[in-house]
Amino acid sequence: EIAGRDAVEDGRTKKAIPKGVVLDKDGKPCRSCTSFHEWAAMTRKKIIPPQSKETPSTTATATFLPPDCPPDVETLGRSTWTLLHTIAATYPATAPPEKQTEMKTFIGIFSRIYPCWVCAEDFRQWIERPENKLVPGQEGGHLGGRASFGQWMCGAHNEVNRKLGKREFDCSRYEERWRTGWAD
Ligand code: FAD
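The rules behind these values
Residues numbered from 1 in each chain as written. Predicted model: local features only at pLDDT ≥ 70, side-chain atom pairs only at ≥ 80, totals over all residues. UniProt positions renumbered as here; feature names shortened; annotations may be inferred. Core = buried A, V, L, I, M, F, W, Y, C linked by C-beta atoms within 7 Å. Buried ≥ 20, exposed ≤ 12 C-beta atoms within 10 Å, placed from the backbone. Helix = DSSP H or I, 4+ residues; strand = E, 2+ residues; numbered from the N terminus. Contact = placed C-beta atoms within 7 Å. Near = placed C-beta within 6 Å. Nonpolar A, V, L, I, M, F, W, Y, C, P; charged D, E, K, R; others polar. Axes fitted to C-alpha atoms, helices over the stretch in contact; angles between N-to-C directions. Parallel < 35°, antiparallel > 145°, perpendicular 65-115°, else oblique. Left-handed = near helix turned anticlockwise from the far one by under 90°.

An unreviewed UniProt entry lists the protein under the name Sulfhydryl oxidase, with Choiromyces venosus 120613-1 given as the organism. If you open the UniProt record of the protein and go to Cofactor (unreviewed entry), you find "FAD".

With that settled, consider the nonpolar core. Counting eleven residues, the largest nonpolar core is built from Ala 88, Tyr 91, Ala 95, Met 103, Ile 107, Leu 143, Phe 149, Met 153, Cys 154, Tyr 174 and Trp 178. Of all elements in the fold, only helix 3 (97-113), helix 5 (146-163) and helix 6 (174-180) reach the threshold of two or more residues within this core. Non-local contacts of Trp 178, meaning those with residues more than four positions away in its chain, are made with His 85, Thr 86, Ala 88 and Ala 89. Within the second largest apolar cluster, nine residues are counted, among which are Val 22, Cys 30, Cys 33 and Trp 39.

Right, let's talk about the site of the ligand for a bit. The local shell around the ligand holds 22 residues, among which Gly 77, Cys 119, Cys 154, His 157 and Phe 169 are the closest. Contributing elements (two or more residues each) for the shell around the ligand: helix 2 (73-89), helix 4 (117-128), helix 5 and helix 6. When residues in the shell around the ligand are grouped by element, the largest group, seven residues, is from helix 2. Looking at the shell around the ligand residue by residue, the class counts come to eleven nonpolar, six polar and five charged.

To continue, consider the environment of Trp 81. Residue placement: Trp 81 occurs in helix 2. For the pair Trp 81 and Met 153, spaced 72 residues apart in sequence, the C-alpha to C-alpha distance is 9.2 Å.

Turning next to the UniProt feature "domain: ERV/ALR sulfhydryl oxidase" (unreviewed entry) in the protein. Under the UniProt annotation, the feature "domain: ERV/ALR sulfhydryl oxidase" (unreviewed entry) is placed at residues 69-178. As a span, residues 69-178 carries 63% helix and 0% strand, and end to end its C-alpha atoms are 27 Å apart.

The next subject is the packing of helix 2 against helix 5. At a minimum axis separation of 8 Å, helix 2 and helix 5 run at an interaxial angle of 160°. Of the possible angle classes, the one that applies to helix 2 and helix 5 is roughly antiparallel. Where helix 2 crosses over helix 5, the handedness of that crossing is left-handed. Contact residues: Trp 81, Leu 84, His 85, Ala 88 and Ala 89 in helix 2; Phe 149, Gly 150, Met 153 and His 157 in helix 5.

Written as structure tokens, this is what we have:
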């Protein structure tokens, strides 16, 4: 199974790989779509993260991750959310029309080039829902200013949190988390 998806639906060959390992368009395992944990299960090696002091009894059954290795789906996701939320938190309080168009273009391109293709596919579906559509110049729309765009971004992230079985973030605290710092 490919991350809970039907491989036939995606037109790709089903391979005998552990659940959770996602294949890329070329049929090879997609690193930025898969967590280090699942990657380790596939290679049948124990993966030891860079910070660990652990010494395995035999290097044949362990892989040491260097601190500068390519990101897995989680590392990439954390860094990307930091960028996206920081962009939303520094968006103008009231956005002029050209900023709104620019942001819509950015999100559209982002949703097509995000390296975790399964993540990108679900994100594209979410932004296409009528209630989530980004429409520049729309009265009361998501792109009108920082507050509304931040809530939109918070909703996008919560959609992924729900999908992964994580706790939802309280979007009323969005500005504190990503702009002002926590109130005492
Ligand atoms: P993250 O979810 O990365 O969150 C980082 C920090 O953001 C948290 O510590 C918290 O302080 C804050 N935060 C959490 N929720 C919100 C919110 N709603 N609003 C504002 N701030 C918040 N991974 C998958 O395995 N499958 C997917 O399909 C998938 N899709 C993704 C789609 C996108 C567009 C992105 C950017 C990432 C996706 N990811 C996906 C990665 C996933 O969302 C996480 O980044 C990853 O699992 C690491 O999670 P984390 O618990 O470290 O915190």
